[in-house]
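Each chain, written out:
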Amino acid sequence: MLAELLELGDDWKGRTFTTGATGSNLLGLACGREAVVTSRLSSTEDNGVGELGLLKACLKAGIREIQVLTTMGHSSLFKSASVVGLGRASVKDVPVSQDEPWKMSLTALENELKREKEGVVSIVAVSAGEVNTGKFATDGVATMKKIRVLCDKYRAWLHVDGAFGLFARCLPETPEFQTLINHASGLELADSIGGDCHKMLNVPYDCGVFFTRSATILSSIFQNPNAAYLVAGPSSIPSPLNIGLENSRRFRALPVYAVLMAYGRKGMQEMVVRQVRLARAVAEYLESSEGYQLLPIQASPGTKAIDETFIIVLFRAKNDAINEQLVKKINASRKMYVSGTKWDGKPASRIAVSTWKVDVERDLKLVKSVLEDILRDAA
Ligand SMILES: *Cc1c(COP(=O)(O)O)cnc(C)c1O
């Protein structure tokens, strides 16, 4: 049902619920690691990383390094790289420029992929919804197709971190949302896709989702072997304990099922639309404000920034002294909550709209009043 809502197609034989997008990134890198190593082993009898372990399998396969190529990867991608034995230092940025660090450069990507001949193999991780800005690494099907071709050519694994960005795919096809729809299209060309349900689907923590093409790659990594007492009866549905991290686990699919049944595509669309409209209204206010600056600074200010706004708005106060205190002051209002981050080496504030409760007019008024009060108090 989720694959249908997100229009991913139905060719995802490996799929499971996770604890969140962190868990999904971990599964994605584990699958990528398995695939890029196993495909270079001379015989399938060797059984891959799950059986041999990373060191032995890489030695046999003539691999000296596995790198993860991304743009502004989420912190959990680094964590996952550490857990699956690739190391945080294996995560490398391949951006088009310093001004658009979230956007993937195909040239830089291919230059890194070419290192295959030196025994350096790659997993590509597309950030579909970068956590500071909400922006996408790719801009449409054409770019994703090119990345797919490069990954096939250099036998790299293609993973998408779509924690919240995946849900741009259920926006209605109207001019208002066309830019976002373009940016989120083509993601279905990946080998694996991760998303969060406890963000845009509004289910309780913890709940994420993971899709991959192959039915067996997950079990080659996550099978829980030699536990006769846990063997389930014959079923076409693989037991979750053989395709994910946990053995004992909650019924995470249930709240997701309830939300999808209760709201349907129309209800989900309506909910996402309201959240995007609030984020955009806030972005428009910030763009025209005397005291605040919408980030990232656009080469040509205006409609583009608004069209690209999804549910995250990044900004700072123009006055450095106010900016230093901004996150603290906003949160001390106890009316709204922002997280602090850094942009261009300076503090920045980040509004993430993520709730079914959004009422655009009411909430815009509240956001404006909190931000205006802070400027007035500082004057
Ligand atoms: C939130 C987020 C994650 C981590 O998700 P958890 O739900 O905290 O595990 C990973 N990637 C992106 C892009 C995110 O926004």
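Note that the structure is predicted; figures quoted are calculated from it, not measured.

**Student:** Now, about the packing of aromatic side chains: what can you tell me, with residues and values included?
**Tutor:** Under the counting rule described, the total for this entry stands at 5 aromatic pairs. The rings of Phe136, Phe164 and Phe310 are connected pair by pair, giving a single aromatic cluster. Across from the ring centre of Trp102, 5.2 Å away, lies the NZ or CZ of Lys135, which sits over that ring.

**Student:** I'd love a proper account of helix H5 (residues 75-83), names of residues and values included.
**Tutor:** Within the span of H5, buried status applies to Ser76, Leu77, Ser80 and Ala81. The arc enclosing the buried residues of H5, seen along the axis, measures out at 145°, which places them on a common side. Exposed residues pointing more than 90 degrees away from the buried face of H5 are listed as Ser75, Lys79 and Val83. Elements in contact with the buried residues of H5: helix H2 (21-38), strand S2 (65-70), strand S3 (91-93) and strand S4 (120-127).

**Student:** Kindly report on the domain arrangement of the chain, identifying the contributing residues and their values.
**Tutor:** We note that the domain assignment places domain 1 (2-250) and domain 2 (265-378) within the chain. Facing 29 residues of domain 1, the contacting portion of domain 2 comprises 26 residues. In total, about 2,400 Å² of surface goes out of reach between domain 1 and domain 2, with carbon and sulfur atoms giving 60% of it. The largest share of the area that domain 1 buries against domain 2 comes from Asn132, Met200 and Asn202, three residues that together contribute 24% of it. At the boundary of domain 1 and domain 2, one finds 4 salt bridges. As a salt-bridge pair, Glu100 and Lys304 come within 4.0 Å of each other at their nearest N and O atoms. There are 10 residue pairs in polar contact (both at pLDDT 80 or more) connecting domain 1 and domain 2. Within the residue set of the side of domain 1 that touches domain 2, elements represented by two or more residues are helix H1 (2-5) and helix H8 (178-183). Tallying contributions element by element places H8 first for the side of domain 1 that touches domain 2, with 3 residues.

**Student:** How would you explain the UniProt feature "modified residue: N6-(pyridoxal phosphate)lysine" (unreviewed entry) in the chain if you had to name every residue and give the values?
**Tutor:** Those residues carrying the UniProt feature "modified residue: N6-(pyridoxal phosphate)lysine" (unreviewed entry) are Lys199 in this numbering. Counting through the fold element by element, Lys199 comes out in the loop between strand S6 (192-196) and strand S7 (208-212). Exposure remark for Lys199: the relative accessible area of 28% places this residue in the partly exposed category. Setting aside residues up to four positions removed in sequence, Lys199 forms contacts with Ala163, Phe164 and Ser354.

**Student:** I'd like a description of the side chain of Glu308, backed by residues and values.
**Tutor:** By the element assignment, Glu308 lies in helix H11 (residues 303-308). Taking relative accessible area as the criterion, Glu308 reaches 12% and is therefore assigned buried. In contact with Glu308, other than residues within four places in its own chain, are Lys135, Thr179, Leu180 and His183.

**Student:** Account for the sheet that holds strand S9 (residues 312-317), with residues named and values stated.
**Tutor:** Across the sheet, which stays open at both edges, the 4 strands sit in the order S8-S9-S11-S10 with antiparallel pairing between neighbours. Every other strand in the sheet has two partners, leaving strand S8 (292-295) and strand S10 (339-343) as the edge strands with one partner each. Neighbour to neighbour, the strand axes of the sheet diverge by 40° on average, direction disregarded. Of the pairings in the sheet, the one linking S8 to S9 comprises 4 bridges and is antiparallel in character. The residue bridging Tyr292 from the neighbouring strand is Ala317, located in S9. Sheet contacts for helix H10 (residues 253-287): S8, S9 and strand S11 (346-352); angle to S9, the most-contacted strand, approximately 25°.

Rules and cut-offs
Residues numbered from 1 in each chain as written. Predicted model: local features only at pLDDT ≥ 70, side-chain atom pairs only at ≥ 80, totals over all residues. Heavy atoms only, no water. Phe/Tyr/Trp six-rings, centres within 6.5 Å; stacked < 30°, edge-to-face > 60°. Lys NZ or Arg CZ within 6 Å of the ring centre and 35° of its normal. Buried < 20%, exposed > 50% of the residue type's maximum accessible area, 1.4 Å probe, protein only. Helix = DSSP H or I, 4+ residues; strand = E, 2+ residues; numbered from the N terminus. Arc of directions from axis to C-beta. Contact = heavy atoms within 4.5 Å. Domains from an automatic or database assignment. Buried area = accessible area lost by both parts, 1.4 Å probe. Salt bridge = Lys/Arg side-chain N within 4 Å of Asp/Glu carboxyl O. Polar contact = N/O pair within 3.5 Å; in protein donor to acceptor, adjacent residues only side chain to side chain. UniProt positions renumbered as here; feature names shortened; annotations may be inferred. Pairing = 2+ DSSP bridges. Axes fitted to C-alpha atoms, helices over the stretch in contact; angles between N-to-C directions.

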